[in-house]
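Here is how the chains run, residue by residue.
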Amino acid sequence: MQLIFKFIKDMSQRVKIKQILLSDKANYEVTVKGWVRTFRNNQFIALNDGSTNSNLQVVVDFENTDPLLLKRITTGAAIGVTGEVIPSLGKGQKVEIKAKHMEIYGDSDPEAYPLQPKKHSLEFLREIAHLRFRTNTFGAVFRVRHALAFAVHKFFNDKGFVYLHTPIITASDAEGAGEMFRVTTLDMKKPPLTPEGEIDYKEDFFGRSTNLTVSGQLEGELGAMAFGEIYTFGPTFRAENSNTARHLAEFWMIEPEMAFYDLKDNMDLAEEFIQYVIRYVLENNREDLEFLAQRLAEEEKQKPQAERSELGLIEKLEFVLNNQFERISYTEAIEILKNSKPNKNKKFQYPVEDWGTDLQSEHERYLVEKHFKKPVILTDYPAAIKSFYMKQNEDGKTVRAMDILFPGIGEIVGGSQREENYDKLVGRMKELHIPVEELYWYLDTRRFGTCPHAGFGLGFERLVLFVTGMTNIRDVIPFPRTPKNAEF
RNA sequence: UCCUCCUUAGCUCAGUUGGUUAGAGCAUCUGACUGUUAAUCAGAGGGUCGUUGGUUCAAGUCCAACAGGGGGAGCCA
């Protein structure tokens, strides 16, 4: 009686496929549950439960199985299988499971199910984003995304940073950076009006005009002035009409702020941070990365030879780990660009002439992909093209800004040492017509115990793009929000 | 937002200087086979050619507008 009880208990023990494939053991009974990828030869089920990129082969004794049950084993169906794990009789896998009992949890009509056991275009899968997690590519991408997110928290936690939740609804247009999404409960057909005929936000939910955040930085600085080091990691919103493979209207950003850090400390941290999270996935998501590397290699084959990248995905990640980022000033970058072949041969769409203009994508790409062939940190930009809160240099022309540029991605990090001097900061705000009164709380950090400090923002999806080798940012966030697209 | 290209079967794509009944591979269905690896073999079904309007005896094919998508640019992370 006890034996029977134990047997039933073991049978009900569900095991993840990753666990079965990782161990060399065989000849034991388990239950697995997952989704059918293909059913070959009326005999072999490729079962995937999301725990790993690989499928487990379930062998069905079709001659002794109810034909009605067999018909229900279709691509996409959710099933549970109990049986013995045995060394595989076929090639292609070490172990397989010989089914004793099968249960269908959810049927999947093969006429209607859009995923087929074949290659689908990324554009098509984007249209069925609710189902694309069930593909090899997106399974790998989102497991890697998860691992990167976990590594972000681990890195900062191990260094003693405090994870600070900055607000998502804000009343201030912090950096004056771009268009914001309005947050309101007012009746859009009949908004309350002031005597002057303007919309009366005093009647709105918060008693003032509010928006979704474009950055947690200013609030982050408040935390840094108490905890020393903080970081934020949360959603960020930009209502820009950007239609590119590198922009989203809703994306996730990581923003550390550190008291007593100067620009060099800031760069050191950013570089160490990026290398840390890349090393983490190389060590923990090898199988997914190898799949993505193979996918990328096949995609590269379609391209003309001149456009192919020299390194494979994994080599590229290892290269970033083993090489220091190139650090040069904006002024040095302008000199390099001025003397570059494409500039002299008038190959740039925007020729590089004067000091002071912002760099175009083509210039950044030249520096990163052609000249240095590695990540580049550009520092000390002209004050005129950077934000008000950046620390002014002694030359009176530049600020202690730093942008990290990555091959294929462009700007992955933007940061700076912050202006800690109250008078200089207010002076700059007035020049740029930033409402000083409204940001009194931000300025208070400079009135009470100000100190040198620095920070940066890293676009999480751009990091995931780089690590996975995907090329469209819409394919590395589960449900992309872009102009004219908020499906799912 | 600007430039440019694309939209034909469930998916990926052919479709001639505009001319009868618009094709293929995969998928699906039926049957065969049964140690397969995106199984294989035989057969079948499946299309308002993105939408609207125009040119023409005749439009998948030419023109315009709109919608959606790709690539590039701007803005940025």
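Residues numbered from 1 in each chain as written. Chains lettered and ligands numbered in written order. Predicted model: local features only at pLDDT ≥ 70, side-chain atom pairs only at ≥ 80, totals over all residues. Heavy atoms only, no water.

Visitor: Please explain the packing of aromatic side chains as it appears in this structure.
Guide: Note on aromatic pairs: each is described by the distance of the centres and the angle between the planes. Throughout the structure, instances matching the rule amount to 24 aromatic pairs. Relative to Tyr-276, the ring of Phe-155 lies with its centre 5.2 Å away and its plane at 50 degrees, an arrangement referred to as tilted. Pair noted here: Phe-155 is in helix 5 (residues 136–158) and Tyr-276 is in helix 7 (residues 263–284), with a separation of 121 residues, a long-range link. Ring centres of Phe-233 and Phe-460 lie 5.0 Å apart, and the angle between their planes is 65 degrees; on these two criteria the pair is classed as edge-to-face. Linking Phe-233 in strand 10 (residues 229–237) with Phe-460 in helix 15 (residues 460–468), this pair joins segments that are 227 residues apart in sequence. Taking relative accessible area as the criterion, Phe-460 reaches 1% and is therefore assigned buried. (Phe/Tyr/Trp six-rings, centres within 6.5 Å; stacked < 30°, edge-to-face > 60°. Helix = DSSP H or I, 4+ residues; strand = E, 2+ residues; numbered from the N terminus. Buried < 20%, exposed > 50% of the residue type's maximum accessible area, 1.4 Å probe, protein only.)

Visitor: Teacher, can you tell me more about the sheet that holds strand 3 (residues 56–59) here?
Guide: Strands in a sheet are paired, the pairing made by backbone hydrogen bonds, and the direction either parallel or antiparallel. Judged by pairing direction, the barrel is mixed, and its five strands sit side by side in the order 1-2-3-5-4 before closing back on the first. On average, each strand axis in the sheet is tilted by 55 degrees relative to the strand beside it, whichever way the strands run. Examined bridge by bridge, strand 4 (residues 78–87) and strand 5 (residues 95–106) share ten bridges and lie antiparallel to one another. The residue bridging Val-81 from the neighbouring strand is Met-102, located in strand 5. (Pairing = 2+ DSSP bridges. Axes fitted to C-alpha atoms, helices over the stretch in contact; angles between N-to-C directions.)

Visitor: So what exactly am I meant to see when it comes to the packing of helix 9 (residues 313–322) against helix 15 here?
Guide: For any two helices packed against each other, one specifies the inter-axial angle together with the distance between the axes. Where helix 9 meets helix 15, the closest approach of the two axes is 8 Å, and the angle between their N-to-C directions is 120 degrees. Taken as axis vectors, helix 9 and helix 15 run oblique relative to one another. Across from Leu-313, Lys-316, Leu-317 and Val-320 in helix 9, the residues of helix 15 making contact are Phe-466, Val-467 and Thr-468. (Parallel < 35°, antiparallel > 145°, perpendicular 65-115°, else oblique. Contact = heavy atoms within 4.5 Å.)

Visitor: I would appreciate a short explanation of the sheet that holds strand 9 (residues 210–212) in the present structure.
Guide: With antiparallel pairing, three strands are arranged side by side in an open sheet as 7-9-8. Two strands lie at the open edges of the sheet, namely strand 7 (169–170) and strand 8 (182–183), each paired on one side alone. Sheet analysis places strand 8 next to strand 9, joined by two bridges and oriented antiparallel. Residue pairing across strands places Val-183 opposite Thr-210, the latter belonging to strand 9.

Visitor: Help me understand the layout of surface pockets, please; the structure alone is not making it clear to me.
Guide: To find leftover empty space, a probe the size of one water molecule is rolled over the atoms. Size it by volume and the second largest pocket reaches roughly 990 Å³. If you trace the second largest pocket, you find 37 residues lining it, with Lys-118, Thr-135, Asn-136, Thr-137 and Phe-291 closest to the centre. Looking at the lining of the second largest pocket residue by residue, the classes come out as ten nonpolar, 16 polar and eleven charged. (1 Å grid on protein atoms, 1.4 Å probe; cavity = no way out; pocket = protein on both sides within 12 Å on 5 of 7 lines; lining within 4 Å. Points joined across faces, edges and corners; volume = space filled by probe spheres on them. Nonpolar A, V, L, I, M, F, W, Y, C, P; charged D, E, K, R; others polar.)

Visitor: What's the story with the pairing of strand 15 (residues 410–418) in this structure? I'm lost.
Guide: Where a strand is regular, its side chains alternate between the two sheet faces. Note: strand 14 (residues 398–406) against strand 15, six bridges, orientation antiparallel. Bridging across to strand 15, Met-402 finds its partner in Gly-415. Hairpin connection between strand 14 and strand 15: a loop of three residues separates the two successive antiparallel strands, and Gly-408 in this loop has a positive phi of roughly 80 degrees. Looking at chain direction, strand 15 and strand 16 (residues 453–459) are connected through six bridges and run antiparallel.

Visitor: Explain the environment of Ile-385 here, please?
Guide: Looking at the secondary structure, you find Ile-385 in the loop between strand 13 (376–382) and strand 14. Placed 27 residues apart in sequence, Ile-385 and Asp-358 show a C-alpha to C-alpha distance of 6.6 Å. The contacts of Ile-385, once residues within four sequence positions are left out, are Tyr-330, Gly-356, Thr-357 and Asp-358.

Visitor: Looking at this structure, I do not really get the packing of helix 10 (residues 330–338) against helix 12 (residues 361–372). What am I missing?
Guide: Between helix 10 and helix 12, whose axes approach to 11 Å, the crossing angle comes to 75 degrees. With respect to their mutual orientation, helix 10 and helix 12 come out roughly perpendicular. Of the residues in helix 12, those touching helix 10 at Ala-333, Ile-336 and Leu-337 are His-363, Tyr-366, Leu-367, His-371 and Phe-372. In the contact of helix 10 with helix 12, the residues fall into six nonpolar, two polar and no charged.

Visitor: Would you take a moment to explain the protein's contact with RNA strand B for this structure?
Guide: Neighbouring residues of RNA strand B: 49 residues in total, closest Lys-91, Arg-126, Asn-241, Thr-244 and Arg-462. The sugar-phosphate portion of RNA strand B accounts for 47% of its atoms within 4 Å of the protein, the bases making up the rest. Within the contact set of RNA strand B, a base nitrogen lies 3.0 Å away from a backbone nitrogen or oxygen of Pro-117. One of the side-chain nitrogen or oxygen atoms of Ser-121 is found 2.9 Å away from a phosphate oxygen of RNA strand B. When contributions to the surface near RNA strand B are tallied by element, the ones reaching two or more residues are strand 1 (28–40), helix 4 (122–127), strand 11 (250–259), helix 12, strand 15 and strand 16. Considered class by class, the residues forming the surface near RNA strand B number twelve nonpolar, 20 polar and 17 charged. (Near = heavy atom within 4 Å. Polar contact = N/O pair within 3.5 Å; in protein donor to acceptor, adjacent residues only side chain to side chain.)

Don't take any of this as a statement about function, it's just geometry.
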